[in-house]
Amino acid sequence: MKILPDQSEKDVNIMSNIGLLGLGSMGGAIARRLTQQIPAGHTLRVFDKSAEAIANFENVAKSSQDLFDQSDVVFTCLPNSDVVSDVLGSNMVSPNTVIVDLTSGAPDKSFKISEALREKNVTYLDMAVSGGPAGSEAGTLTAMASGDAEVFASKVEGIASLFAKKVEHVGPKPGSGHAVKAINNTLNMMNLLSASEGLIALNKAGIDTRKALDVINESSGRSLQSTVRIPEEVMSGKYAYGFQLGLMMKDVNTGTDFVADQLEGSGLVLDHKFASLVQSLTALAGPTADYTEAVKGMESASQGMVHGPWEGKADDVNDGGSTGLFLPPGTELLVCDMAGTTVDEQGIVYITLHRTMNDHGLHVDWEDMHVWHGAEKIAVIEHFVRDRMVGKKDEEHMVAAKNACLKDFVSNIGKAYFDTDVLKLIDPSLPEHFNSLREKGIKIGLNTGYPIKIQEAIIDQLNMREFIDGYVSAEQVGGRPNPWMIQQLMINFKVNHVHKVAKAGDSVADIGEGKASGIGCTIGVLSGADDRKTLEDAGADCIVGSVMELKCWE
């Protein structure tokens, strides 16, 4: 623990019993950091009403009252100032206790809380923090404190330095730290949205926004949002910084209210109109969405995008409790592969294809099958016939061998699929999910490397006609990675631009098909043949666990 030069041993001992109340995304991360960093002889106790939140901590108080009873310094990390006031009012806080409010609170309410506690000989300091959960874990937060400067220096700054890289006392009046945080987050949101709107306009003008952003970030228009948040969260499709949009909206409301109070009316820039915009974007994305997802609302409203046709890096947006992937604004057609993407057939197609070819004397190793995931099955058979029979048979015999093998494969896969109950949808709720996308104007098309006879039999077996709009087989127009199946579906549904199409599939062949088509978004799914790294290396714009995670803006 950091001990300031003027700290006495007595002061250090007073600091030994530390409590932390509230183990949400920020509070939990700070608690984990303190657990790792706190020196011997000092005790950290935590408490949260959520059993899940406290599950991974050893020294948990029995209740909030128990936490207050056993702590000399209590850090609160709660949703807002009203909750802080309720908690402090419903618990007996011993005289000489120091309360450090990490909540992004309202300055005027923080001052009132301080005054009420002062009458009980309890010191209240507000100390808002910035830097997100990742900064909490790494100990790189910025802390903005206010209140009694002597108490802060002797009893709080040393603890705060364990989880914050910069700890600044900004003023003696309680609530000042919360005011600075509110203005900081209002600027944060304004920078994010204004930069995103500028990039949307540049993109609509046909300008490469990645190149434009590189220029901006070397010029005077740069900010943390343009240099970090937009590239890492927005352009990547990740949207996983870790700070909820509803909490950001609260801070923006606090910031614009503070400006209005201080300027006797309303600000010229940081005004209530801006707060209303943030409220609208929050209603659209939902309060639990990552705050960077507000940009999706900007894209939806303008029918534009921050960057070109999903040029973001591939990323597993389903990792770590993601809310899923929103399809690009303006998407009119979602093309989905069948086996491994919309249909769970447990890999039987490749097992059957492998066995059938070997029954015809082609001697195909199992390892040789991997590169053919998602390919047109007749193309696979033709490849191995020509590869294994070259020099042994003339063209007529090779064509006959291919046709015989294909005939047996169709028969064998039919028996494997339709004489058993092995075939299932990738998720029982797929019909409801696809119909919800269709209600929002998105056509659902299926494409596959299966022969058309098998494709139609699967569709009928699983009653898929009830929740799709159409389908096409590689047998009809040519196999992957050629763009022809996607192009045929575009013609069928009168979709007039590739940027209005998204493709989802579980194999390298699916990704190649999407890339060859130049469509708006090529999505890898992890429910079938290939793993995340393989799909990333193939150039997937983004990756999800399954098609069930694909969403649509209203």
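Since we're looking at a predicted model, the values are computed, not measured.

Mapped onto the present numbering, the UniProt feature "domain: 3-hydroxyisobutyrate dehydrogenase-like NAD-binding" (unreviewed entry) falls on residues 175-296. Segment residues 175-296 splits into 68% helix and 0% strand. End C-alpha atoms: 33 Å apart.

Time to look at the sheet that holds strand β3 (residues 73-76). Hydrogen bonds along the backbone pair up the strands of a sheet, which may run parallel or antiparallel. Strand order across the open sheet formed by seven strands is β2-β1-β3-β4-β5-β6-β7, with mixed pairing between neighbours. Here the strands that pair on one side only, and so sit at the sheet edges, are β2 (43-47) and β7 (164-171). Shown here is a sheet whose adjacent strand axes are inclined to one another by a mean of 25°, direction ignored. Pairing of strand β6 (residues 141-146) with β7, which is carried by six bridges, proceeds in the parallel orientation. Bridge assignment links Ala-145 to a residue of β7, and that residue is His-169.

Once that is clear, we can look at the side chain of Glu-299. Positionally, Glu-299 belongs in helix α14 (residues 294-302). We note that Glu-299 is buried and unpaired, the nearest opposite charge coming from Lys-296 at a distance of 7.5 Å. Among the polar contacts made by the side chain of Glu-299, one reaches the main-chain amide nitrogen of Val-306 at a distance of 2.9 Å. Residue contacts for Glu-299: discarding those within four places in its chain leaves Ile-200, Tyr-239, Gly-304, Met-305, Val-306 and Pro-329.

Below, the discussion takes up the packing of aromatic side chains. Tallied over the full model, the rule gives four aromatic pairs. The interplanar angle of 70° and the centroid separation of 6.2 Å between the aromatic rings of Phe-243 and Tyr-291 together place this pair among those described as edge-to-face. On the criterion of sequence distance, the pair formed by Phe-243 in the loop between α11 (224-234) and α12 (245-262) and Tyr-291 in the loop between α13 (272-285) and α14 is long-range, its members being 48 residues apart. Since its relative accessible area comes to 14%, Phe-243 is described here as buried. Given a relative accessible area of 1%, Tyr-291 falls into the buried group. Where Phe-434 meets Phe-467, the ring centres are 6.3 Å apart and the plane angle is 50°; that geometry is what we call tilted. On the criterion of sequence distance, the pair formed by Phe-434 in helix α18 (residues 430-439) and Phe-467 in the loop between α19 (452-461) and β13 (470-473) is long-range, its members being 33 residues apart. Residue Phe-434 shares its accessibility class with Phe-467, and that shared class is buried. Each member of the aromatic cluster is reached from another via a ring pair, and the members are Tyr-241, Phe-243 and Tyr-291. Sitting over the face of the ring of Tyr-239, Lys-296 holds its NZ or CZ atom 4.2 Å from the ring centroid.

Conventions adopted
Residues numbered from 1 in each chain as written. Predicted model: local features only at pLDDT ≥ 70, side-chain atom pairs only at ≥ 80, totals over all residues. Heavy atoms only, no water. UniProt positions renumbered as here; feature names shortened; annotations may be inferred. Helix = DSSP H or I, 4+ residues; strand = E, 2+ residues; numbered from the N terminus. Pairing = 2+ DSSP bridges. Axes fitted to C-alpha atoms, helices over the stretch in contact; angles between N-to-C directions. Buried < 20%, exposed > 50% of the residue type's maximum accessible area, 1.4 Å probe, protein only. Lys, Arg positive; Asp, Glu negative; His and termini not counted. Salt bridge = Lys/Arg side-chain N within 4 Å of Asp/Glu carboxyl O. Polar contact = N/O pair within 3.5 Å; in protein donor to acceptor, adjacent residues only side chain to side chain. Contact = heavy atoms within 4.5 Å. Phe/Tyr/Trp six-rings, centres within 6.5 Å; stacked < 30°, edge-to-face > 60°. Lys NZ or Arg CZ within 6 Å of the ring centre and 35° of its normal.

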